[in-house]
Amino acid sequence: QQPVQSPQAVILREGEDAVINCSSSKALYSVHWYRQKHGEAPVFLMILLKGGEQKGHDKISASFNEKKQQSSLYLTASQLSYSGTYFCGTEYSSNTGKLIFGQGTTLQVKP
Amino acid sequence: AAGVIQSPRHLIKEKRETATLKCYPIPRHDTVYWYQQGPGQDPQFLISFYEKMQSDKGSIPDRFSAQQFSDYHSELNMSSLELGDSALYFCASSLGRGAYEQYFGPGTRLTVT
């Protein structure tokens, strides 16, 4: 039931773009995206509800494809501060808030 | 802006001892979640509370118990600690149950020796 994230790791140069995918074999109610730096708490990025909506702020955006049960996180013009591990947290039932996280995608941005 | 507060930040215990972790949610947040994260792993959902009632349960061992109090703070009680319980324990809070943003606290690093 754990969602699958891809790729597992990615290395970028500053200014490059990246896409991180999160796929589920089970119908999703919502997808939450977090970034975590080593030894720190996960930081909330955005939440998407089923319905195929797309959200974004600044240079980070995300989409939710209900047909494919997949969400994608788009990072454009990456900055050094984007480095960290990105987790998608999936919610399968409404009204619980119980998140099942993917295994994480490690992103390293180099100067 | 106020954030989630967790105490203690670090805790060292011996096998078979007990530990109590505390979580103070963001003001006005009525829902609290507990997650356990081992080294290099993703956060694992343990248990959640909404309006002081248990809302959902995940992979929480029977040796662990938790509750949410009238002021909405929550405590995770862990007994008969095992080496495998060593992990980062995060508390998160949200304004409502369900598809609401969950804000994580800084975590409590528990080391069992």
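Residues numbered from 1 in each chain as written. Chains lettered and ligands numbered in written order. Predicted model: local features only at pLDDT ≥ 70, side-chain atom pairs only at ≥ 80, totals over all residues. Heavy atoms only, no water.

## Focus: the state of the cysteines
Item 1. Evaluated as defined, the whole model comprises 2 disulfides over all chains.
Item 2. Here Cys-22 of chain A connects covalently by a disulfide to Cys-88 of chain A, the sulfurs 2.0 Å from one another. Disulfide Cys-22 of chain A-Cys-88 of chain A: the torsion about the S-S bond is 70°, which places it as right-handed. Of the two residues, Cys-22 of chain A sits in strand E3 (residues 18-23) while Cys-88 of chain A sits in strand E9 (residues 84-91), which places them 66 residues apart along the sequence. In this structure, Cys-22 of chain A and Cys-88 of chain A share a single accessibility class: buried.
Item 3. In this model, Cys-23 of chain B is linked to Cys-91 of chain B through a disulfide, with the two sulfur atoms separated by 1.7 Å. Between Cys-23 of chain B and Cys-91 of chain B, the disulfide has an S-S torsion of -50° and is therefore left-handed. (Disulfide = S-S within 2.5 Å. Helix = DSSP H or I, 4+ residues; strand = E, 2+ residues; numbered from the N terminus. Buried < 20%, exposed > 50% of the residue type's maximum accessible area, 1.4 Å probe, protein only.)

## Things to note about the side chain of Gln-68 of chain B
All names here are of chain B.
Item 1. Turning to its location among the elements, Gln-68 is positioned in strand E7 (residues 64-68).
Item 2. Separated by 2.8 Å, the side chain of Gln-68 and the backbone nitrogen of Lys-52 make a polar contact.
Item 3. From its side chain, Gln-68 meets the backbone oxygen of Tyr-72 in a polar contact 3.1 Å long.
Item 4. Beyond its immediate stretch of four places on either side in the chain, Gln-68 contacts Asp-30, Val-32, Phe-49, Tyr-50, Glu-51, Lys-52, Met-53, His-73 and Ser-74. (Polar contact = N/O pair within 3.5 Å; in protein donor to acceptor, adjacent residues only side chain to side chain. Contact = heavy atoms within 4.5 Å.)

## Looking at the environment of Glu-101 of chain B
Item 1. With respect to the secondary-structure elements, Glu-101 of chain B resides in the loop between strand E9 (87-94) and strand E10 (103-104).
Item 2. For Glu-101 of chain B, a relative accessible area of 33% corresponds to the partly exposed category.
Item 3. With residues near it in sequence (within four places) discarded, Glu-101 of chain B still touches Phe-44 and Ile-47 of chain A together with Ser-93 and Ser-94 of chain B.
Item 4. Among the polar contacts listed, one links the side chain of Glu-101 of chain B to the side chain of Tyr-103 of chain B, at a separation of 2.4 Å.

## Quick look at the interface of chain A and chain B
In many analyses, interface size is given as the accessible surface area lost on bringing the parts together.
Item 1. With 23 residues of chain A at the interface, the matching set in chain B holds 24 residues.
Item 2. In total, chain A and chain B occlude about 1700 Å² of area from one another, counting both sides; carbon and sulfur atoms represent 59% of this.
Item 3. At the boundary of chain A with chain B, the tally comes to 4 residue pairs in polar contact (both at pLDDT 80 or more).
Item 4. Among the secondary structure elements, those contributing two or more residues to the side of chain A that touches chain B are strand E4 (30-36), strand E5 (43-49) and E9 of chain A.
Item 5. Examining the composition of the side of chain A that touches chain B, we find that 4 residues originate from one element, E4 of chain A, more than from any other.
Item 6. Broken down by class, the residue content of the side of chain A that touches chain B amounts to 10 nonpolar, 10 polar and 3 charged. (Buried area = accessible area lost by both parts, 1.4 Å probe. Nonpolar A, V, L, I, M, F, W, Y, C, P; charged D, E, K, R; others polar.)

## Topic: the pairing of E3 of chain A
All names here are of chain A.
Item 1. Here E3 shows a clear split, with Ala-18, Ile-20 and Cys-22 buried on one side and none of Val-19, Asn-21 and Ser-23 buried on the other.
Item 2. For strand E1 (residues 4-6) and E3, the ladder comprises 3 bridges, and the chain directions are antiparallel. If you follow Gln-5 over to E3, its bridge partner there is Cys-22.
Item 3. Inspection of the sheet shows E3 paired to strand E8 (residues 70-75) by 6 bridges, in the antiparallel sense. Paired with Asn-21 across the two strands is Ser-72, which belongs to E8. (Pairing = 2+ DSSP bridges.)

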